[in-house]
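Structural features, examined
Below are the chains, spelled out letter by letter.
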Amino acid sequence: MNVTVCVKQIPDPAAPASLDPATKTLMRDGKLIMDDSDSYGVEMALQLVDAAGAGEVTLVSMVPNNEVAGVRTALAMGAAKAIIISDDTLRGSDALSTAKVLAAAIRRTNADLVIAATESTDGYTGTMPVQLAELLGYPAVTFARKIHLDGSKVIIERQTEGGYDQIECPMPAVVTVTAGVVEPRYPSFKGIMGAKSKPVEQLSVAELGLDASSVGAVGARQEVVAVAAAPEREAGEIIEDEGDAHERIVEYLERIKVI
Amino acid sequence: MQNIWVLVEHAEQGATSMSLELLTKARDLADKVEAFAWGPDTASLASELGLYGASKVYDAGDIGDALPGAPVASAIARQLAELAASPDAPEALLIGTSYDGRDIAGRLSAKIDRPVITNVVDLVVEDGELHALHAIFGGAQTATSRFTGAETSPAIFVVRAKSFAADQATTPVSCEVVPAPPGELDATNAARTIARHVEQQSGPKLDEAAVVVSGGRGLQQKENYSMIEELATALGGAPGASRAIVDAGWVPYSYQIGQTGKIVKPTLYIACGISGATQHMVGMKGAKNIVAINKDREAPIFSIADLGIVGDVQKVMPKLIDLLKSRGG
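Residues numbered from 1 in each chain as written. Chains lettered and ligands numbered in written order. Predicted model: local features only at pLDDT ≥ 70, side-chain atom pairs only at ≥ 80, totals over all residues. Heavy atoms only, no water.

All names here are of chain A. Spanning 12 residues, helix H3 (residues 95-106) covers 16 Å between terminal C-alpha atoms, matching the ideal 16 Å at 1.5 Å per step. Most of H3 sits inside the fold, with 12 of its 12 residues counted as buried. Taken together, the buried positions of H3 are Ala95, Leu96, Ser97, Thr98, Ala99, Lys100, Val101, Leu102, Ala103, Ala104, Ala105 and Ile106. (Helix = DSSP H or I, 4+ residues; strand = E, 2+ residues; numbered from the N terminus. Expected span 1.5 Å × (residues − 1). Buried < 20%, exposed > 50% of the residue type's maximum accessible area, 1.4 Å probe, protein only.)

On to the sheet that holds strand E16 (residues 307-310) of chain B, then. The strands making up a sheet are joined through hydrogen bonds of the backbone, oriented either antiparallel or parallel. The 6 strands are arranged E13(A)-E16(B)-E15(B)-E14(B)-E12(B)-E13(B) in an open sheet whose pairing can be described as parallel. With one partner strand each, in any of the chains shown, strand E13 (237-240) of chain A together with strand E13 (238-241) of chain B form the two edges of the open sheet. Taking each pair of neighbouring strands and ignoring which way they run, the sheet shows an average axis angle of 15 degrees. Bridging between strand E12 (residues 211-215) of chain B and strand E14 (residues 268-272) of chain B involves 5 bridges; their strand directions are parallel. Its bridge partner lying in E14(B), Ser214(B) is registered against Ala271(B). (Pairing = 2+ DSSP bridges. Axes fitted to C-alpha atoms, helices over the stretch in contact; angles between N-to-C directions.)

Before going further, it helps to spend a moment on the domain arrangement of chain B. A common way to report how large an interface is uses the accessible area buried once the components associate. All names here are of chain B. Along its sequence, chain B is organised into domain 1 (3-189) and domain 2 (206-326). Summarising the inter-unit geometry, the C-alpha centres of domain 1 and domain 2 are found 32 Å apart. Every contact between the two is made by 12 residues of domain 1 and, on the other side, 14 residues of domain 2. Both sides of the domain 1 and domain 2 interface together cover about 950 Å² of buried area, and 47% of this is carbon and sulfur. (Domains from an automatic or database assignment. Contact = heavy atoms within 4.5 Å. Buried area = accessible area lost by both parts, 1.4 Å probe.)

We now examine the pairing of strand E4 (residues 57-62) of chain A. Residues and elements named next belong to chain A. Most of E4 is tucked away: 6 of the 6 residues are buried. In this structure, strand E1 (residues 3-6) lies alongside E4, joined through 4 bridges in parallel fashion. Across the sheet, the residue bridging to Thr4 is Thr58, located in E4. In this view, the connection linking E4 to its parallel neighbour strand E5 (residues 81-85) by way of helix H2 (residues 69-77) has right-handed handedness. (Right-handed = clockwise from strand over helix to strand, strands pointing away.)

We now examine the interface of chain A and chain B. At the interface, 84 residues of chain A touch 87 residues of chain B. Around 7300 Å² of area is buried between chain A and chain B when both sides are counted, 54% of it from carbon and sulfur atoms. Looking at the side of chain A facing chain B, the largest losses of area belong to Tyr124(A), Arg221(A) and Arg233(A), adding up to 12% of the total buried there. The interface formed by chain A and chain B holds 13 salt bridges in total. Two residues, Lys262(B) and Glu161(A), come together in a salt bridge whose shortest N-O distance is 3.1 Å. In this assembly, chain A and chain B are joined by 47 residue pairs in polar contact (both at pLDDT 80 or more). A total of 9 residues in the side of chain A that touches chain B trace back to one element, the largest contributor, which is helix H7 (residues 245-255) of chain A. Grouping the constituent residues of the side of chain A that touches chain B by class yields 40 nonpolar, 23 polar and 21 charged. (Salt bridge = Lys/Arg side-chain N within 4 Å of Asp/Glu carboxyl O. Polar contact = N/O pair within 3.5 Å; in protein donor to acceptor, adjacent residues only side chain to side chain. Nonpolar A, V, L, I, M, F, W, Y, C, P; charged D, E, K, R; others polar.)

Before going further, it helps to examine the nonpolar core. Residues and elements named next belong to chain A. By size, the foremost hydrophobic cluster in this structure holds 41 residues, and its most contacted members are Val5, Val42, Leu59, Leu113, Ile115 and Ile147. The element contributing the most residues to this core is helix H1 (residues 36-52), with 7 residues. Discounting residues that sit within four places of it in the chain, Leu59 has contacts with Val5, Val7, Val42, Val71, Ala74, Leu75, Ala79, Lys81, Ala82 and Ile83. (Core = buried A, V, L, I, M, F, W, Y, C linked by side-chain atoms within 4.5 Å.)

Pasting the structure below:
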């Protein structure tokens with residue numbers, strides 16, 4: 001089976017983030033890394049292809065400045081190839097525009113299954129994969145913690161508030177996976193070296209046959225009009241534990257009448 | 001605003017609290033509030049929705065074992081098409097941030113080619129249009145967004161739980177049930193639920209609990225999470241988690257508090273072994289009282305804690321649990 005995984009390359013979440021003062025969109029010009037949330041989907045895709053005994057994992061990623069560093073991480077894990085879509089007209093894209101771009105790219109991949117994270121770490125709208133499914137005309141199963149291949153179908157455990165549902169879904173389909181459900185493999189030295197020569201196709205909006213007015217800041221049809229500092233929360237009392245911290249906590253809980 | 005629709009989700013007993021929060025806010029913003037629901041027995045919701053000011057509930061009907069995303073979005077899209085250019089067409093649609101709510105919002109957005117604004121924590125009317133607020137940079141700043149251009153109606157907002165208080169209307173209205181079936185469905189509706197597994201849970205739900213006890217990396221190992229559950233039980237609260245230990249597979253995603261998880265606003269929040277990454281703080285800084293236990297005195301969590309304990313969670317927690325138990329809860 002062929003699995004296509006949507007991979008987002010984001011600014012390192014550990015580094016301080018900032019907004020472009022003019023457009024009030026997230027600055028994404030520095031070094032980008034693969035969103036950690038996507039490593040679980042890449043791992044699941046590799047395991048599914050292994051279990052099927054044939055096929056390959058393809059990555060799709062929409063990025064500024066033809067950035068490939070994050071995609072190379074997933075190639076080093078074992079994905080066979082990647083398509084990246086990079087175009088100045090994509091700057092300021094919202095979730096729906098992103099879905100339109102990725103859908104156009106995924107149509108070229110012959111995927112039986114499309115995997116994405118439930119949400120990205122930086123934008124966290126959480127709607128893109130389902131928008132993508134609708135544009136592709138596929139069913140979608142979100143919040144998966146397990147995917148089993150069963151002939152032309154997949155059986156999925158979908159996380160719920162109180163446990164999980166077992167879902168049966170024909171392919172092709174879009175599935176989103178939550179973090180922590182598999183242990184993403186570390187790229188081996190051989191994998192890292194091999195990733196450098198794996199094919200990475202670079203496409204523009206025009207090459208995908210998309211209308212530039214349906215993507216980017218224009219296509220987003222939304223804007224940030226103001227950014228304001230949220231009310232600060234004051235720090236209270238800080239004490240070192242000298243063996244009696246539990247008593248101090250209980251005193252505090254009594255004071256606020258929780259007990 | 002003339003007319004706002006609210007997507008209402010059915011819980012075991014009536015509408016979910018998030019649905020009622022959205023109806024309450026919609027009443028503040030618009031002259032007319034209508035609901036959109038699905039399920040085998042939407043009619044049973046009508047009287048409750050009327051108490052919260054909804055004069056109509058469109059009913060997508062029983063979707064059987066299908067997942068709600070495709071059929072409910074189809075039903076909404078169909079109803080919108082039917083009402084296009086009518087004075088009954090909604091200007092905005094409010095959807096709660098839930099597993100199914102996000103699926104329906106995403107499907108609908110692509111189906112009718114309308115953008116969607118997510119993670120909304122407040123809504124205000126400015127110059128006759130709705131502006132949405134959401135937290136950025138771990139809640140340190142608040143961004144206000146609006147839709148632009150012609151093709152953006154209805155404005156679709158996906159709103160986080162606990163953004164608004166739920167209050168009944170001073171004058172209840174009578175709520176009419178209007179069938180709004182999804183019509184013919186294609187391959188997008190092919191997924192089926194074949195079994196449901198509900199894990200035994202005692203105590204309150206995480207986003208409704210008055211007390212939340214939450215654990216992070218500082219617990220050192222998965223087995224130590226049982227202390228979080230024990231302390232939560234002793235205080236009649238719910239256990240939660242930082243993203244780090246969800247990513248590590250110690251607890252399921254439904255436990256996660258933060259930007260990419262739940263936003264909680266309990267009376268008391270106890271953070272155990274959580275350093276306070278911006279990712280986490282956005283989910284809990286609205287708590288009325290915050291207690292933090294962490295080994296590192298420089299941990300950011302202490303900058304927002306009302307009581308900060310610089311200490312080892314593995315030493316403090318067992319003594320705290322024992323003391324609370326000896327007091328009989």
